[in-house]
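Spelled out, the chains give:
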Amino acid sequence: RKREKVEIAQAQRFLSEHHRGVLFTRKRDGGPQMSPVSPGIDAEGRVIITTRETAYKTKNIRRDPRVSLCVFADAFHGSIWIQINGRAEIVSLPGAMEPLIDWHRRVKGEYPNWAEYRQTMERQRRVIVRIAIESAGPDRKG
């Protein structure tokens, strides 16, 4: 169990620096649905991703919160990568607004006009996906 905590801590550090990933959710029939995402990590160590209320991944997570996420460095080929598995929750507006701002600051940096950003988030019906990390790996190269 101690090794797992180290892997989760490593995954959290990796996500604080790398924001390219592919999120795996499950369709109604159990099949895979994958989406490119820009993940970050919040102050509580959860993965944070923004998406729309109407997105398939949002609907899939509401039905089945088990998700996996592959995050990789910009170089992609030959780069370091990590897989995260966990349970996701969807936070909708208005409760999502402050987490959306936090996501932007952590992943993209400051925004020139936060009032405009807030309006855009409302118009696009943005949500925050928060993933509690249950496991991370790989712990060895294959």
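Quick caveat: nothing in here was measured; it's all calculated off a predicted structure.

Undergrad: If you had to explain the sheet that holds strand S6 (residues 81–91) to someone new, which residues and values would you point to?
TA: Working definition: the strands of a sheet are paired by backbone hydrogen bonds and lie parallel or antiparallel to each other. Taken in spatial order, the 7 strands of this open sheet run S2-S1-S5-S6-S7-S4-S3, and their pairing is antiparallel. For this open sheet the edge positions go to strand S2 (32–37) and strand S3 (40–41), each flanked by a neighbour on one side alone. Bridge analysis of strand S5 (residues 66–72) against S6 gives 7 bridges, and the strand direction is antiparallel. Residue pairing for S6: leucine 69 is matched across the bridge by isoleucine 84. Here helix H2 (residues 56–63) sits on the sheet in contact with strand S1 (20–26), S2, strand S4 (47–52), S5, S6 and strand S7 (126–137), set at roughly 50 degrees to S1.

Undergrad: Describe the pattern of salt bridges, with residues and values.
TA: As enumerated under the stated definition, the model contains 10 salt bridges in all. Arginine 46 serves as the salt-bridge partner of aspartate 42, at 2.8 Å between the closest nitrogen and oxygen. Since its relative accessible area comes to 22%, arginine 46 is described here as partly exposed. The partner of glutamate 89 in a salt bridge is arginine 130, and the shortest N-O contact between them spans 3.1 Å.

Undergrad: Before we move on, could you go through the nonpolar core and cite the residues and values that matter?
TA: Formed by 22 residues in total, the largest nonpolar core has its most connected members in Leu23, Val47, Leu69, Ile84 and Ile131. The element that contributes the greatest number of residues to this core is S7, accounting for 5 residues. Excluding residues within four positions of it along the chain, leucine 23 makes contact with Gln33, Met34, Ser35, Val37, Ile49, Lys57, Ile61, Val67, Ser68, Leu69 and Ile131.

Rules used throughout
- Residues numbered from 1 in each chain as written.
- Predicted model: local features only at pLDDT ≥ 70, side-chain atom pairs only at ≥ 80, totals over all residues.
- Heavy atoms only, no water.
- Pairing = 2+ DSSP bridges.
- Helix = DSSP H or I, 4+ residues; strand = E, 2+ residues; numbered from the N terminus.
- Contact = heavy atoms within 4.5 Å.
- Axes fitted to C-alpha atoms, helices over the stretch in contact; angles between N-to-C directions.
- Salt bridge = Lys/Arg side-chain N within 4 Å of Asp/Glu carboxyl O.
- Buried < 20%, exposed > 50% of the residue type's maximum accessible area, 1.4 Å probe, protein only.
- Core = buried A, V, L, I, M, F, W, Y, C linked by side-chain atoms within 4.5 Å.

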